[in-house]
Amino acid sequence: MNILFFLTPKSEVSYVREDDTLRQAVEKMEYHGYAAVPLLSVDGRYIGTLTDGDVLWGLKELDFPRLHEMEDISVMEIRRSRDNKPVHINVDMEGLMDKVAVQNFVPVVDDDKVFIGIVTRRDVIHYLAGRRKKESMTPSGAKKEAAAR
């Protein structure tokens, strides 16, 4: 199976750019309710992942600036604790599963490392659960399930 089946394209993904301010990042994460978002360069390359924990620790290190003061702080001043590892668009399912097992979302990049979207753990789990359900409904699947009991 091709990972494009699972891909949420960049146009539908909330992300933060390296030239955004801390206030913009906080407001974007709050508005969408995300605990982590991809961080992209100005030219669209994947840099890393900004998490709510990174923001919280960054605010502490900056002595908890007021909201309007965060307009003068670059998101790049926030130290990131971990970056979700990206996969290439041509990765096989095994390579995708290795990443999705330990990351809530997997950034997908092209040959030039340009960010093209994400694959979420939830989408992969829903697909696998649906596939399992279909298989258990077939006569051969029902026999396998009965034998397993």
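It should be noted that the structure appears before, not after, this text.
Residues numbered from 1 in each chain as written. Predicted model: local features only at pLDDT ≥ 70, side-chain atom pairs only at ≥ 80, totals over all residues. Heavy atoms only, no water.

Caption draft 1: Seen up close, the nonpolar core. One finds Val 16, Leu 22, Leu 50, Val 55 and Val 75 to be the most contacted residues of the largest nonpolar core, which totals 13 residues. Counting residues per element, the ones that place at least two in this core are helix 1 (22-32), strand 3 (36-40) and helix 2 (52-61). Considering every element that reaches this core, the biggest residue donor is helix 1, with three residues. Residues contacting Val 16, with those up to four places away along its chain left out, are Ala 25, Lys 28, Val 37, Pro 38, Leu 39, Leu 40, Leu 50 and Val 75. Core analysis: the next-biggest nonpolar cluster, separate from the first, contains eleven residues, Met 93, Leu 96, Val 106 and Val 124 among them. (Core = buried A, V, L, I, M, F, W, Y, C linked by side-chain atoms within 4.5 Å. Buried < 20%, exposed > 50% of the residue type's maximum accessible area, 1.4 Å probe, protein only. Helix = DSSP H or I, 4+ residues; strand = E, 2+ residues; numbered from the N terminus. Contact = heavy atoms within 4.5 Å.)

Caption draft 2: Geometry of the pairing of strand 7 (residues 115-120). Within strand 7, five of the six residues are buried, which leaves it mostly tucked inside the rest of the structure. As paired strands, strand 1 (residues 8-9) and strand 7 are joined by two bridges and run antiparallel to one another. Paired with Pro 9 across the bridge in strand 7 is Gly 117. Connecting strand 6 (residues 105-109) to the next strand, strand 7, in antiparallel fashion are five residues, including Lys 113 with a positive phi near 65°. (Pairing = 2+ DSSP bridges.)

Caption draft 3: View of the side chain of Gln 103. Checked against the element boundaries, Gln 103 lands in the loop between helix 3 (93-100) and strand 6. Taking the relative accessible area as the measure of exposure, Gln 103 reaches 7% and is therefore buried. Among the polar contacts listed, one links the side chain of Gln 103 to the backbone nitrogen of Lys 85, at a separation of 2.6 Å. Those residues in contact with Gln 103, other than ones at most four positions away along the chain, are Asn 84, Lys 85 and Arg 121. (Polar contact = N/O pair within 3.5 Å; in protein donor to acceptor, adjacent residues only side chain to side chain.)

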